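Letter by letter, the chains look like this.
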Amino acid sequence: MAPSTVICIGMAGSGKTTFMQRLNSHLHAKKTPPYVINLDPAVLKVPFGANIDIRDSVKYKKVMEEYNLGPNGAIVTSLNLFSTKIDQVIKLVEKRSESVQNVIIDTPGQIECFIWSASGAIITEAFASTFPTVVAYIVDTPRNSSPTTFISNMLYACSILYKTKLPMIIVFNKTDVKKADFAKEWMSDFEAFQSALKNDQELNGEDGTSSGYMSSLVNSMSLMLEEFYSQLDVVGVSSYTGEGFDEFLSAVDNKVDEYNEYYKAERDRILKKKEEDEKKRQAKSLNKLMKDMDLKDKQNKDTEVLSDYEDEEDDNNGEVVRDEDEPEREYTFPEDRNSEVNEHTDADLQARYQAAFDQTSKSASTDTAEKIAAYIRR
């Protein structure tokens, strides 16, 4: 059975690396150690042992110096370099698939460097097309106690869901500092969020007066996100105390089943469509080439490549009709010619060539010669 893959994504400071550390130790405690991958090239030290570490393949500081890049540009370039070897990474994970139940992946804190880059899409697609893959979106719970900040974070999570097209779990981290009950209530009860929105001093001011545009905008976005919330599993965890990680693993199992039932079928459909489109493109290119070369496809009509030419009516049953003035040609095969030509027949062969040349030159009519000359002068 293929191991489930969890890609941890979240804003800088949301606690992704600490979450990875706690998840790793929690799975070790359950006697099911995961296969750990670190994709953050700029981190100085990781608090967990990584089976595959991007820092072993790409040196972040050398990338900055060699390409004259800033921090974010160097992260993107490092991911680009690493993604060229993603097939080898997949093979390494496949070799351990029988002994490993979970693969957990830590991503850079600069979330846009991974999600919105080509390399991030390549890496995500590589895992999603091979293993059941789930996105864990880590949220800093204390920093999202304001409705406006909360709705902004949920909009970002929504964009990631539609970008990756993978099952997603919203993980409210740091519940030891602030419980995530308020966030779960906002996601399940629209009126509760509306009430919190009215009491938000950042949005309405201390006197309770609404700013108009912003209040209407947040209200509209909250209505739009109701459908988004229905597709999610929401859990609250504390990476510091280990609270909620059993619930998170149960949510992963639910999303793996959802992946196998819905997402995998959809991905297979997309891949099949791409394959069919590629076949049509190749057939179109071949037909265009045949047309440009003035060739006619005489292959069986049952073949996949169809010619743009229509079959013309043939009254001669496929036989070639020669002109009356055209001399009969006699064809010989290589083995026949080899048997005729040897060291004893060179003189006879020369005489035959000379006789044939004299005969052809005598039989050529003046009219034919004039036609040839007129064609050349064109």
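Cut-off values and rules
Counting restarts for each chain: residues are numbered from 1 in the order of the written sequence. In keeping with the model being predicted, local features are shown solely for residues with a pLDDT of at least 70 and side-chain atom pairs are shown and tallied solely at 80 or more, while totals for entire chains, interfaces and linings include all residues. To obtain the side-chain values, all non-hydrogen atoms of the structure were used and water was disregarded. UniProt positions are given in the numbering used here, feature names are shortened, and annotations may be inferred rather than shown by experiment. What counts as a salt bridge is simple: a side-chain nitrogen of Lys or Arg found within 4 Å of a carboxyl oxygen of Asp or Glu. Numbering goes from the N terminus for both helices and strands, where a helix is a DSSP run of H or I of at least four residues and a strand is a run of E of at least two. Remark: exposure states derive from per-residue accessible area (1.4 Å probe, protein chains only) relative to the maximum for the residue type, with buried under 20%, exposed over 50%, and partly exposed in between. When DSSP locates at least two bridges between a pair of strands, those strands are taken to pair. Between two residues, a contact is recorded if the distance between any of their heavy atoms is within 4.5 Å. Between N-to-C directions, angles span 0 to 180 degrees; the directions come from axes that are lines fitted to C-alpha atoms, helices contributing only their stretch in contact. By the criterion used throughout, a crossover qualifies as right-handed when its path from the first strand across the helix to the second strand runs clockwise, the strands pointing away from the viewer. The patch calculation keeps residues exceeding 30% relative accessible area without a salt bridge and links them within 9 Å when they carry like charges or within 5 Å when they are nonpolar (Val, Leu, Ile, Met, Phe, Trp, Tyr). All accessibility values rest on the Shrake-Rupley procedure with a 1.4 Å probe; residue burial counts only the protein chains present in the view. Scored between 0 and 100, pLDDT is the confidence that the predictor attaches to each residue. Whether two aromatic rings pair depends on their centres lying within 6.5 Å, for rings of Phe, Tyr and Trp, where Trp uses its six-membered ring; planes under 30 degrees apart make the pair stacked, over 60 edge-to-face, and the rest tilted. Each angle is binned into one of four classes, with values under 35 degrees roughly parallel, values over 145 roughly antiparallel, values of 65 to 115 roughly perpendicular, and all other values oblique. Think of it as three bins: nonpolar holds Ala, Val, Leu, Ile, Met, Phe, Trp, Tyr, Cys and Pro, charged holds Asp, Glu, Lys and Arg, and polar takes everything else, Gly as well. Definitions for this section: a left-handed crossing has its near helix turned counterclockwise from the far helix by less than a right angle. A right-handed crossing has that turn clockwise.

An unreviewed UniProt entry annotates the protein as GPN-loop GTPase of Scheffersomyces stipitis. Here the protein is described in UniProt, under the heading Sequence similarities (unreviewed entry), as follows: "Belongs to the GPN-loop GTPase family." Under Function (unreviewed entry), UniProt gives the following word-for-word description of the protein: "Small GTPase required for proper nuclear import of RNA polymerase II (RNAPII). May act at an RNAP assembly step prior to nuclear import."

**Q** Is there a simple way to explain the pattern of salt bridges in this structure?
**A** Here the idea is simple: oppositely charged side chains can pair when their charged atoms come close. In the structure shown here, the tally under the stated rule is 11 salt bridges. Across the pair D246 and K30 runs a salt bridge whose closest N-O atoms are separated by 3.5 Å. One end of the pair, D246, is in helix α12 (residues 245-292); the other, K30, is in the loop between α1 (16-29) and β2 (35-38), with 216 residues separating them in the sequence. By relative accessible area, D246 is classed as partly exposed at 44%. D233 is paired through a salt bridge with K255; the nearest N and O atoms lie 3.8 Å apart. Placement of the pair is D233 in strand β7 (residues 233-236) and K255 in helix α12, with a sequence separation of 22 residues. Residue K255 is classed as buried on the basis of its relative accessible area, which comes to 1%. Put simply, D140, R143 and K174 are held in one network by salt bridges that share partners.

**Q** Quick question: what am I supposed to make of the sheet that holds β2 here?
**A** The pairing of strands in a sheet happens through backbone hydrogen bonds and is either parallel or antiparallel. The strand order across the open sheet built from seven strands is β3-β2-β4-β1-β5-β6-β7, with neighbouring strands paired in parallel fashion. Taken across any chain shown, the strands that pair with only one partner, and hence form the sheet edges, are β3 (52-53) and β7. Two elements, strand β5 (residues 133-140) and strand β6 (residues 168-173), share six bridges in a ladder whose sense is parallel. Pairing of I138 across the sheet is with V171, part of β6. Lying on the sheet, helix α7 (residues 147-164) is in contact with β1 (4-10), β5 and β6; it crosses β5 at an angle near 165 degrees.

**Q** I would appreciate a short explanation of the environment of I138 in the present structure.
**A** Residue placement: I138 occurs in strand β5. The spacing of I138 and A157 is 19 residues in sequence and 9.5 Å in space, taken between C-alpha atoms. Every residue in contact with I138, bar those within four places of it in the chain, is listed here: I9, G10, M11, S14, K16, F19, V171 and N173.

**Q** Is there a simple way to explain the pairing of β5 in this structure?
**A** Taking burial as the measure, the eight residues of β5 include eight buried ones, the bulk of the element. Because side chains alternate across β5, one face comprises the buried residues T133, V135, Y137 and V139, and the other comprises V134, A136, I138 and D140, equally buried. The parallel pair β5 and β6, bridged by α7, forms a crossover whose chirality is right-handed.

**Q** Can you walk me through a nonpolar patch on the surface in this structure?
**A** Together, Y213, M214 and L217 make up an exposed nonpolar region whose accessible area comes to about 300 Å². By the secondary structure assignment, M214 is in helix α11 (residues 213-230).

**Q** I'm lost on the confidence of the model for the protein in this one. Help?
**A** When pLDDT drops low, the exact placement of atoms in the prediction is not to be read closely. This prediction gives the protein a mean pLDDT of 81; 74% of its residues lie at or above 70. Below a pLDDT of 50 lies the segment residues 305-311, which in the model reaches 18 contacts outside its immediate sequence neighbourhood of four places, other chains included. Within the model, the stretch residues 329-338 combines pLDDT values under 50 with two contacts to residues more than four positions away or in other chains.

**Q** So what exactly am I meant to see when it comes to the packing of aromatic side chains here?
**A** Centre distance and the angle of the planes are the two values used to describe a pair of aromatic rings. Applying the stated criterion to the full structure yields nine aromatic pairs. With 6.3 Å between their ring centres and 40 degrees between their planes, F127 and F131 make a pair best called tilted. Using a relative accessible area of 2% as the deciding quantity, one classes F127 as buried. On the basis of relative accessibility, which here comes to 2%, the residue F131 falls in the buried class. Between F150 and F193, the aromatic rings sit 6.3 Å apart at their centres with planes inclined by 45 degrees, giving tilted as the arrangement. One end of the pair, F150, is in helix α7; the other, F193, is in helix α9 (residues 190-198), with 43 residues separating them in the sequence.

**Q** Got a minute to help me understand the packing of α1 against α12 in this structure?
**A** The relative placement of two packed helices comes down to the angle between their axes together with the axis-to-axis distance. The interhelical angle for the contact between α1 and α12, taken along N-to-C directions, is 85 degrees, at an axis separation of 11 Å. Compared by their axis directions, α1 and α12 come out roughly perpendicular. Contacts between α1 and α12 involve F19, R22, L23, H26 and L27 from the former and F245, D246, F248 and L249 from the latter. Within the contact of α1 with α12, the residues separate by chemical class into six nonpolar, one polar and two charged.

**Q** Help me understand the packing of α7 against α11, please; the structure alone is not making it clear to me.
**A** Look at α7 against α11: their axes get within 10 Å of each other, and the N-to-C directions meet at 45 degrees. Here α11 runs oblique to α7, going by the angle between their axes. As for how α7 packs across α11, the hand of that crossing is left-handed. Here T148, F150, I151, M154, L155, A157, C158 and L161 of α7 come into contact with α11, specifically with V218, M221, S222, M224, L225, F228 and Y229. Taken together, the residues that form the contact of α7 with α11 break down as 13 nonpolar, two polar and no charged.

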